[in-house]
Amino acid sequence: MKLQQRFLEELKKSSNQKNIFADEIAALLQISPDSAYRRMRGETVLALEEVQKLCNHYRVSIDSMLTPTPEMVVFRRRTIGYEGYTILDWLKSLMRNLEKMTLAREKNILHSGKEIPLLYYFQSREMAAFKIFFWMKSMFSDSTFQAEKFRMSLIPKEYLDVVDKVWEYYSSIDSTEIWTEDSVN
């Protein structure tokens, strides 16, 4: 299968309307459905501007399709609370990205910061649950947590199961950490 056809097949997987994907492409690119089908069959080459529009709409990286190797890891910054993106979505995304990193032949995580690496809190379910509680209550002002005091039962098991996998992947990857005298303060 040609690169353009593979590209469009990957986009189709991201589409909410798989059964009318050609119509969706036609609307996005402001072309006729027939023109969309010609692009999907590889008879007409996509222009770079069209590729950019499609990547932006479907939120995919062209890099990951041009160089699909275990050495390539593509990251996306998403904001918790924006467009329905939850802390569980973030945890799952982190888990998937770390899982991809474990597949690379050569890998190393470099951490340099004033605090201990964030994922250290995930070594323990209790500490992870407390951090999630703290984030939800203070940073994201989630009304569910505002009048509550911390208790493990407030954090769904699904969150903690994902946290366990995050820690498993993270701890299996070599890392270089640069700490300061103030890191543990």
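Further up the page is the structure itself.
Residues numbered from 1 in each chain as written. Predicted model: local features only at pLDDT ≥ 70, side-chain atom pairs only at ≥ 80, totals over all residues. Heavy atoms only, no water.

This part covers the packing of helix 1 (residues 3–14) against helix 3 (residues 33–41). Closest axis-to-axis distance for the helix 1/helix 3 pair is 7 Å, and the angle between their directions is 115 degrees. Across from Q4, Q5 and L8 in helix 1, the residues of helix 3 making contact are R39, M40 and R41. Across the contact of helix 1 with helix 3, the residue classes tally to two nonpolar, two polar and two charged. (Axes fitted to C-alpha atoms, helices over the stretch in contact; angles between N-to-C directions. Helix = DSSP H or I, 4+ residues; strand = E, 2+ residues; numbered from the N terminus. Contact = heavy atoms within 4.5 Å. Nonpolar A, V, L, I, M, F, W, Y, C, P; charged D, E, K, R; others polar.)

So, about the packing of helix 6 (residues 87–102) against helix 9 (residues 157–171). Contact geometry of helix 6 with helix 9 gives a least axis separation of 9 Å together with a crossing angle of 25 degrees. As the angle between them shows, helix 6 and helix 9 are arranged roughly parallel. When you trace helix 6 past helix 9, the crossing you get is left-handed. In contact with I87, L88, L91, K92, L94, M95, L98, E99 and T102 of helix 6, helix 9 contributes E158, Y159, V162, V163, K165, V166, Y169 and Y170. Its residues assigned to classes, the contact of helix 6 with helix 9 shows 12 nonpolar, one polar and four charged. (Parallel < 35°, antiparallel > 145°, perpendicular 65-115°, else oblique. Left-handed = near helix turned anticlockwise from the far one by under 90°.)

In this section: a nonpolar patch on the surface. Taken together, M127, F130, F134, M139, F150 and M152 make up a surface patch of nonpolar side chains, about 530 Å² in accessible area. With respect to the element layout, F130 can be found in helix 7 (residues 125–139). (Patch = residues over 30% accessible without salt bridge, like charges linked within 9 Å, V, L, I, M, F, W, Y side chains within 5 Å. Areas by Shrake-Rupley, 256 points an atom, 1.4 Å probe, with all protein chains shown as cover. Salt bridge = Lys/Arg side-chain N within 4 Å of Asp/Glu carboxyl O.)

Remember that the coordinates give geometry; whether it matters functionally is a separate question.
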